[in-house]
Amino acid sequence: MATQAHSLSYAGCNFLRQRLVLSTLSGRPVKIRKIRSRDDNPGLRDFEASFIRLLDKITNGSRIEINQTGTTLYYQPGLLCGGSVEHDCSVLRGIGYYLESLLCLAPFMKHPLKIVLRGVTNDQVDPSVDVLKATALPLLKQFGIDDESFELKIVRRGMPPGGGGEVIFSCPVRKVLKPIQLTDPGKIKRIRGMAYSVRVSPQMANRIVDSARSILNKFIPDIYIYTDHMKGVNSGKSPGFGLSLVAETTSGTFLSAELASNPQGQGAAVLPEDLGRNCARLLLEEIYRGGCVDSTNQSLALLLMTLGQQDVSKVLLGPLSPYTIEFLRHLKSFFQIMFKIETKPCGEELKGGDKVLMTCVGIGFSNLSKTLK
Amino acid sequence: MEAKDQKKHRKKNSGPKAEKKKKRHLQALQLGDEEDARKRNPKAFAVQSAVRMARSFHRTQDLKTKKHHIPVVDRTPLEPPPIVVVVMGPPKVGKSTLIQCLIRNFTRQKLTEIRGPVTIVSGKKRRLTIIECGCDINMMIDLAKVADLGAKLFYLSGMVHGEYQNQEIHNLGRFITVMKFRPLTWQTSHPYILADRMEDLTNPEDIRTNIKCDRKVSLYGYLRGAHLKNKSQIHMPGVGDFTVSDVSFLPDPCALPEQQKKRCLNEKEKLVYAPLSGVGGVLYDKDAVYVDLGGSHGFQALDEVGSTHELVQSLISTHSTIDAKMASSRVMLFSDSKALGSEDIDNQGLLMLKEEKQMDLKTGRMRRKAIFGDEDGSGDSDDEDDDEMSEDDGLEYGSSDEEAEEEENAEVTDEYMIAKGIKRRKLEELEEDSEVDLPAFADSDDDLEKSSAEEGEVEEADESSEEEDCSSGERGISGSKAVGEGSKAELSPSNHQSDPVNLEKSLPMKKAALTTSDSGHCTAEEVFASEDDSEESSSLSIEEENSENQEALRKKLLKPSQVGSGQKLGPRNFIDETSDIEDLLKEEEDYKEEKNDSTETSGALKWKEDLSRKAAEAFLRQQQAAPNLRKLIYGTVTEDNEEDDDTQEELGGLFRVNQPDRACKHKADSLDCSRFLVEAPHDWDLEEVMNSIRDCFVTGKWEDDKDAAKVLAEDEELYGDFEDLETGDVHKGKSGPITQNEDVEKEVKEEIDPNEEESAKKKHLDKKRKLKEMFDAEYDEGESTYFDDLKGEMQKQAQLNRAEFEDQDDEARVQYEGFRPGMYVRVEIENVPCEFVQNFDPHYPIILGGLGNSEGNVGYVQMRLKKHRWYKKILKSRDPIIFSVGWRRFQTIPLYYIEDHNGRQRLLKYTPQHMHCGATFWGPITPQGTGFLAIQSVSGIMPDFRIAATGVVLDLDKSIKIVKKLKLTGFPYKIFKNTSFIKGMFNSALEVAKFEGAMIRTVSGIRGQIKKALRAPEGAFRASFEDKLLMSDIVFMRTWYPVSIPAFYNPVTSLLKPVGEKDTWSGMRTTGQLRLAHGIRLKANKDSLYKPILRQKKHFNSLHIPKALQKALPFKNKPKTQAKAGKVPKDRRRPAVVREPHERKILALLDALSTVHSQKMKKAKEQRHLHNKEHFRAKQKEEEEKLKRQKDLRKKLFRIQGQKERRNQKSSLKGAEGQLQ
């Protein structure tokens, strides 16, 4: 009998996605206990359950066991299957919550993934679909995941709390990934953005654009912020507006920032001017942090480096986010991989904060699901 | 006779030889070959058809491209592992003799017995591991997986004195040495070890209580293939799957010679290493010390067999429990002079022994070889209370002389190795005690990174730490003492963990940093807790760091000076050279990066101020600005594992759960979000804040090498001046900043001539380089193809792979990349079945094959399979068969299938004879593209060819889609027009409902459809057909039924069988074998039996056409019934004539006469006929003659007539003339 790879055990609901994703990729079962065990409302939440259902949909042969109270989860991963899938995401979290994990898994499916996700496209918590489209997709392209079928399309926008948005994500499959050497972030040559508004006055978007430009124009003249006002069925179920900004550098790095208005009925109303200005400042913060990968996608880049061939990959990052730090620990326990971490202090040149150079040797991962013809 | 036997020589008319001859002949005739022909007669070779030209060009290009292989990154290590050479053949053909001869050829040593792999150094850059393959298919399969040189046949002519001929062996040896191999994908993508040593590490007490308990073993061998990570999954063919509990690397027992200058190897460098055969160099590892008494015949490893050799007698080995052994395995020393005494403790008495020292000046590494054979090793050992310390000391017998105890001349390199061993061991203890291995690892690594820098310069370090940091040293020593006592009192984990810290204080010469490695970060905390003097210890650690800084600094300073004299250099040296220090600070920072900053205090750095204020500041800034991320990530915070917490609490309340852990717990249930929120936003309205990111934009300032303006200026400078040849004007380029500087300098100082010259030279060189680059760009890189680009990319990647971790210490390196191939490693494995140890047979290869991610899992494996064409039978679905896939050998139950054109996978009962088919089994997941072979049985020896099938893995899944055909039949019980009621196909209305709308068909070919279930009888349904059925029709439906595969996976555990029976493994039997064994005959279906065919005579009725139809038919189609002739009435019938004998006679005579007459007439007729013919011929002749005559006559007549006429004409003409005249 082949010994089942001994399972890893964790406590708490935090980093649930990481654990399940890494478990799926490494084939090691994972047991998560004490999920909100002290909470008044213990156990898995709706959005987590929805995530687990999504995993079940895209895999074949997974075993998922959840105890009665939902405080313990045992996940024995199957093989990634893919194909055409539809999924209704929970409106408690944005589609970004689900999409981030899908970005990690999609290149390693048996059949190319084509998934329709319904739910909240833009919210204040998760990276929005716009940002992922603008930053994560070019990042994946660096690893050799590129095809005409590789796209993320926003069909409908949905804002919390009602949701009603819809995106289509399709991704080709790869057997192996290319190693990357991203050590030069380059210089920002243009800033693009998307100011969206649904079920509010279309003028909101224009007001956001003006205020954001007022700040960014001090740095670079090449700024263009698109306005996207969706109407009718495409506008989801709740009103809202927001802005996402992306700075592109000469070497093809994308840094992003975004802000969305408060959901209907929660918190005070936000002035679009304030939102635009704050979002522009957030982008400047992101630029200050710098690196070749923006702070949201750090873990994605590190994962794909890990899953590369047995070659050295390097990437220059800004300060590591807590999420990434935990992700690195998880990478170590799932893949026995350690990154060489070198801090690159900012010198005399005015290029923002300290950077971190992450280096690793890929584990020689190959897509076990893909069929050989 | 002989002459008759000889064949006449026949000239070759075709083939290469004939062609060659022809060519020679042609050349002799000055006719030359095709090329010349082209020259001679260019018109004949002109383009005849553009299309054909294009085609032929296309074809040649195709052929060219076909030769290309997809380039892969070259991942071969710089120092590759020995090449595995497998010698195989039937028994008693002289395999062992061949190996012996080869070894003798390479090493001039003779091995009496060959057991297991033998590693030898065969050349300057090549080592060989030779292994013999016995006559067991298991062994053959396993060895084929690790062999680099396997499938070659050699012819050796006979033996002389029981040995092969020297010359032939020499040739074979040369062949092996220069052989090039094709890397196999499986081998390059998986780490593997061909173990050449095995030790049982199980606690003897456990074995005593339960002899069948699972064992813990350590296996040794060269790592091959890919990088091996600690705690990864491995498979041992013949044993099973395991998780590596620990890996460590050891000094190479059969190292390649260091210097490469010589043409051939020294005798000393011709090493041989074969622990299983009892041969090897001196070997130190944590379990024991092994000594090879080279020169003569092979020996058993010393700890295994009690030797009576005098040298060996002095070797002390402990026969105690493994814990005790580990704790006390320290002093196994060879000396016949001094006894081990406690006096030696204080000054760290070192055991000396003669040795050969080789020093590599470049790297500063010492390479020493202990010589035990004829020179007496002299030395002594010390026996200290502290186990680790004593071990450390004990193992230091390597240093060259007794004075080494004066802390100066420690041979760092070797200690370094040994210390590593200790470290590992401690780590292990640590693991055992607290299971907190993670932080310890990380930490050790940090320090080891530093240590790499300090390598070779530790003597100064010691001194400095004595001279400058005497206070710290004292503290350290006191600390160590304290702990020493502690350890005496009880062997608590805290002691273990604190030891290293103390050790490095008390033994400053001993690579403090190295040993710190164990003071894992959590251990450090533990130390604080136990000593109750956190301040002191923290300052201690800081000072330690400082001293290390200094070491690093001084290392740089002392680089040019001799290593030996370095000890005399005091602090003054570097105080004087502060400027140098400043420069060096940069480098120092690199080392500092990994430093622990948890206990950072500015006060501790004050001593540095006298060095250089700037240095201190830089250091401080560095410490503050760059928090040690590595430690933060991998070090401090362990997994927020409940178990971890528990164990920590269990540690006797000595330790507090550390702070980050608590934080971790706190955030365990917090929001799972990848966004990195800004905690302290900058005020982006401020000018200086805005300026901080100015250069991130294209509008900002660029680096020197990229700034357009600068680059332009440079170019101007280089290419600016030129001379217009036409006008003769000389254009001078603007003098660049460098030249301007030069001018200024010239004015100010005339003395700095060399400087100026240098810069001019540099400028000139720059110019040249630029020109060359331009030239290269124009001519060389113009025609780079996609293939070239790809190759270049791979090359670059390979270089990066090599360069990235090159400068790092091995101990640190293995953390990042894993253990790299070529290393000699020791692998510890737990929970090994006891039979593995009990039935250990060194002749059988032990292979540790690394498994990739999820290769330890099971699922359905689909493959393309073909029965081997030499195998006599075809294979049957669901018969158990043994597969060898990846590293594994296992028995499983496959199903064979074939894929239909529509992608349906249809089950086959048997494999096709000569075709590929699909096969699916339930078993371990193996990457796609892996080849495999299948055999029916691995036991015993078989006369037949055994390999049943071969193929390749195609797909892996957790479910299968194989189907088999199922025909459901039913019978009509009521027939309307095109509708019928069918029964007997289903059993219930529910079943019918599932198949509504399905296609059905009768045997006669009438198609139809299931419509709806009927109420009664149960399972009947209404169906419509394209025609009316008959009651005799059978209706059937074709369906596809998914089959399931029995989840049977049974690894072939041949290595667990008793010695001598290892080739008798037998697994599940096939049904055929079971039937044969039990004598159960297959019950044949009676209907399937062959019987003589009895055919009934067919009887046909006559054709009957109804009268009405007959009437309607046209006449020609009407049946023609001829009216029969009526009977002749009696009265019309004539009576028969009856003749009298007399009458009869008359009649006979008349008959005879008429016959004669007729004969006569006939003859006469014939004669007349002849006569007529004659007459006719004569007549014809006459006629001809007559005609001829007439013809002649006529001719004559005409001639006369003609003449007459002519005459007449003439006369008339004359007359006319006359008239005219």
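Residues numbered from 1 in each chain as written. Chains lettered and ligands numbered in written order. Predicted model: local features only at pLDDT ≥ 70, side-chain atom pairs only at ≥ 80, totals over all residues. Heavy atoms only, no water.

Looking at the overall build of chain B
Helix and strand content of chain B: 37 helices and 34 strands. Each of the 1221 residues in chain B was classed as buried or not, and the buried ones make up 43%. Total accessible area computed for chain B in this model is approximately 72400 Å², and 53% of it derives from carbon and sulfur atoms. (Helix = DSSP H or I, 4+ residues; strand = E, 2+ residues; numbered from the N terminus. Buried < 20%, exposed > 50% of the residue type's maximum accessible area, 1.4 Å probe, protein only. Areas by Shrake-Rupley, 256 points an atom, 1.4 Å probe, with all protein chains shown as cover.)

Here we look at the overall build of chain A
Counting secondary structure elements, chain A contains 8 helices and 18 strands. Sorting the 373 residues of chain A into buried and exposed places 65% on the buried side. Relative to all contacts within chain A whose residues are 6 or more apart in sequence, the contacts with residues 24 or more apart total 74%. Of the accessible surface of chain A, which amounts to about 12300 Å², a share of 49% is contributed by carbon and sulfur atoms. (Contact = heavy atoms within 4.5 Å.)

Quick look at the sheet that holds strand S13 (residues 223-230) of chain A
Paired through their backbone hydrogen bonds, the strands of a sheet run either parallel or antiparallel. Residues and elements named next belong to chain A. Sheet architecture is open: 4 strands sit in the order S13-S12-S14-S15, paired in mixed fashion. Looking at the sheet topology across the chains shown, the edges are occupied by S13 and strand S15 (254-260). Going from strand to strand, the sheet's axes swing by 15° on average, the running direction of each strand aside. Summarising the sheet, strand S12 (residues 188-198) and strand S14 (residues 240-249) pair through 10 bridges and their orientation is antiparallel. Looking at the pairing, Arg190 lines up with Glu248 of S14. Sheet contacts for helix H4 (residues 129-142): S12, S14 and S15; angle to S15, the most-contacted strand, approximately 165°. Along the sheet face, helix H6 (residues 272-289) touches S12, S14 and S15 and points at about 150° away from the line of S15. (Pairing = 2+ DSSP bridges. Axes fitted to C-alpha atoms, helices over the stretch in contact; angles between N-to-C directions.)

Quick notes on a nonpolar patch on the surface
On the surface, a nonpolar cluster with roughly 460 Å² of combined accessible area is contributed by Ile1146(B), Leu1147(B), Leu1149(B), Leu1150(B) and Leu1153(B). Here Leu1153(B) is to be found in helix H37 (residues 1141-1220). (Patch = residues over 30% accessible without salt bridge, like charges linked within 9 Å, V, L, I, M, F, W, Y side chains within 5 Å. Salt bridge = Lys/Arg side-chain N within 4 Å of Asp/Glu carboxyl O.)

Here's the deal with the environment of Pro77(A)
Position of Pro77(A) relative to the elements: it lies in the loop between strand S5 (73-76) and strand S6 (79-80). The sequence separation of Pro77(A) and Ser62(A) amounts to 15 residues, and the corresponding C-alpha distance is 4.6 Å. Residue contacts for Pro77(A): discarding those within four places in its chain leaves Ser23(A), Thr24(A), Gly27(A), Arg28(A), Pro29(A), Gly61(A), Ser62(A) and Lys958(B).

Brief notes about the sheet that holds strand S2 (residues 30-33) of chain A
All names here are of chain A. Pairing in this open sheet of 4 strands is mixed, and the strands run S1-S2-S5-S4 from one edge to the other. Either end of the sheet is taken by a strand with one partner, and the two such strands are strand S1 (8-11) and strand S4 (63-66). The average undirected angle you get between the axes of adjacent strands in this sheet is 10°. Where S4 meets S5, 4 bridges bridge the pair, whose relative direction is antiparallel. From the neighbouring strand, Arg63 faces S5, where its bridge partner is Gln76. Sheet strands touched by helix H8 (residues 322-335): S1 and S2. Its angle to S1, the strand with the most contacts, is close to 155°.

Here's the deal with the interface of chain B and chain A
Contacts between chain B and chain A engage 90 residues on the former and 104 residues on the latter. Interface area, chain B with chain A, both sides summed: about 8700 Å², of which 53% is carbon and sulfur. Summed over the three residues of chain B that lose the most area to chain A, namely Tyr634(B), Asp672(B) and Phe676(B), the buried surface amounts to 9% of that side. For the interface between chain B and chain A, the tally reads 8 salt bridges. The partner of Lys314(A) in a salt bridge is Glu804(B), and the shortest N-O contact between them spans 3.0 Å. Our enumeration of links across chain B and chain A arrives at 37 residue pairs in polar contact (both at pLDDT 80 or more). (Buried area = accessible area lost by both parts, 1.4 Å probe. Polar contact = N/O pair within 3.5 Å; in protein donor to acceptor, adjacent residues only side chain to side chain.)

What to know about the pairing of S1(A)
Residues and elements named next belong to chain A. On S1, burial covers both faces: Leu8 and Tyr10 on one face and Ser9 and Ala11 on the other are all buried. In terms of strand pairing, S1 meets S2 through 4 bridges, oriented parallel. Each bridged residue has a counterpart across the sheet, and for Ser9 the counterpart in S2 is Lys31. Handedness of the S1-helix H1 (residues 16-26)-S2 crossover: right-handed. (Right-handed = clockwise from strand over helix to strand, strands pointing away.)

Some details on the packing of helix H5 (residues 95-107) of chain B against helix H7 (residues 166-178) of chain B
Two packed helices can be described by the angle between their axes and the distance between those axes. All names here are of chain B. At a minimum axis separation of 9 Å, H5 and H7 run at an interaxial angle of 80°. Considering their axes alone, H5 and H7 lie roughly perpendicular with respect to each other. Only Asn166, Ile169, His170, Leu172, Gly173, Ile176 and Thr177 of H7 make contact with H5, whose side of the interface consists of Leu98, Cys101, Leu102, Arg104, Asn105 and Phe106. Across the contact of H5 with H7, the residue classes tally to 7 nonpolar, 5 polar and 1 charged. (Parallel < 35°, antiparallel > 145°, perpendicular 65-115°, else oblique. Nonpolar A, V, L, I, M, F, W, Y, C, P; charged D, E, K, R; others polar.)

Some words on the packing of aromatic side chains
Residue and element names in this part refer to chain B. With the rule as written, the count across this model stands at 28 aromatic pairs over all chains. Ring geometry for Tyr192 versus Trp887: centroids 5.3 Å apart, planes at 50°, classification tilted. Separated by 695 residues along the polypeptide, Tyr192 in strand S6 (residues 192-195) and Trp887 in the loop between strand S21 (881-885) and strand S22 (888-892) bring together distant segments of the chain. Of the two residues, Tyr192 and Trp887, both sit in the buried class. Summarising the aromatic geometry, the rings of Tyr222 and Tyr824 are spaced 5.0 Å apart at their centres and angled 70° between planes, so their arrangement reads as edge-to-face. Here Tyr222, found in strand S8 (residues 215-224), pairs with Tyr824, found in strand S18 (residues 824-832); they are 602 residues apart in sequence, far enough to count as distant. Tyr824 shares its class with Tyr222; the two are buried. (Phe/Tyr/Trp six-rings, centres within 6.5 Å; stacked < 30°, edge-to-face > 60°.)

Considering the environment of Phe1025(B)
All names here are of chain B. Relative to the assigned elements, Phe1025 resides in strand S32 (residues 1021-1025). On the basis of relative accessibility, which here comes to 6%, the residue Phe1025 falls in the buried class. If we ignore the near neighbours within four places in the chain, the residues touching Phe1025 are Asn978, Ser980, Ile982, Ile1000, Thr1002, Ile1006, Arg1007, Gly1008 and Val1035.

Quick word on the confidence of the model for chain B
Residues and elements named next belong to chain B. Mean pLDDT for chain B: 71, with 61% of residues reaching 70 or above. With pLDDT under 50 throughout, residues 636-663 is counted as low confidence; its partners more than four residues away or in other chains account for 43 contacts. Contacts from residues 730-752, a stretch scored under 50 in pLDDT, to residues over four places away or in other chains number 21 contacts. For this predicted complex, the interface confidence score (ipTM) comes to 0.93, while the overall pTM stands at 0.68. (pLDDT = per-residue confidence, 0-100.)

Some remarks on a negative patch on the surface
A grouping of Glu1182(B), Glu1183(B), Glu1184(B) and Glu1185(B) is seen on the molecular surface, where their side chains present a negatively charged patch. Position of Glu1185(B) relative to the elements: it lies in helix H37. (Lys, Arg positive; Asp, Glu negative; His and termini not counted. Charge placed at Lys NZ, Arg CZ, Asp CG, Glu CD.)

Here's the deal with the packing of H1(A) against helix H2 (residues 46-58) of chain A
Residue and element names in this part refer to chain A. Contact geometry of H1 with H2 gives a least axis separation of 11 Å together with a crossing angle of 15°. Overall, the two elements H1 and H2 adopt an arrangement that is roughly parallel. In this structure, H1 crosses over H2, and the sense of that crossing is right-handed. Contacts from Leu16, Arg17, Leu20, Val21 and Thr24 in H1 reach Glu48, Phe51, Ile52 and Leu55 in H2. The residue inventory of the contact of H1 with H2, partitioned by class, reads 6 nonpolar, 1 polar and 2 charged. (Left-handed = near helix turned anticlockwise from the far one by under 90°.)

Side note on the pattern of salt bridges
Residue and element names in this part refer to chain A. On inspection of all chains with the given rule, the structure shows 44 salt bridges over all chains. Between Arg156 and Glu166 there is a salt bridge, and its shortest N-O distance comes to 3.8 Å. Within this pair, whereas Arg156 is found in strand S9 (residues 151-156), its partner Glu166 is found in strand S10 (residues 165-171), the two being separated by 10 residues in sequence. Classification of Arg156 by relative accessible area gives partly exposed; the value is 30%. Looking at Glu166, the relative accessible area reads 13%, which means it is buried. The shortest N-O distance in the salt bridge between Glu248 and Lys189 comes to 3.9 Å. In this pair, Glu248 is assigned in strand S14 and Lys189 in strand S12, connecting sequence segments 59 residues apart. Glu248 gets classed as buried once you look at its relative accessible area, which sits at 16%. Owing to a relative accessible area of 28%, Lys189 belongs among the partly exposed residues under this scheme. Salt bridges sharing common partners tie together Glu86, Asp88, Arg118, Arg156 and Glu166.

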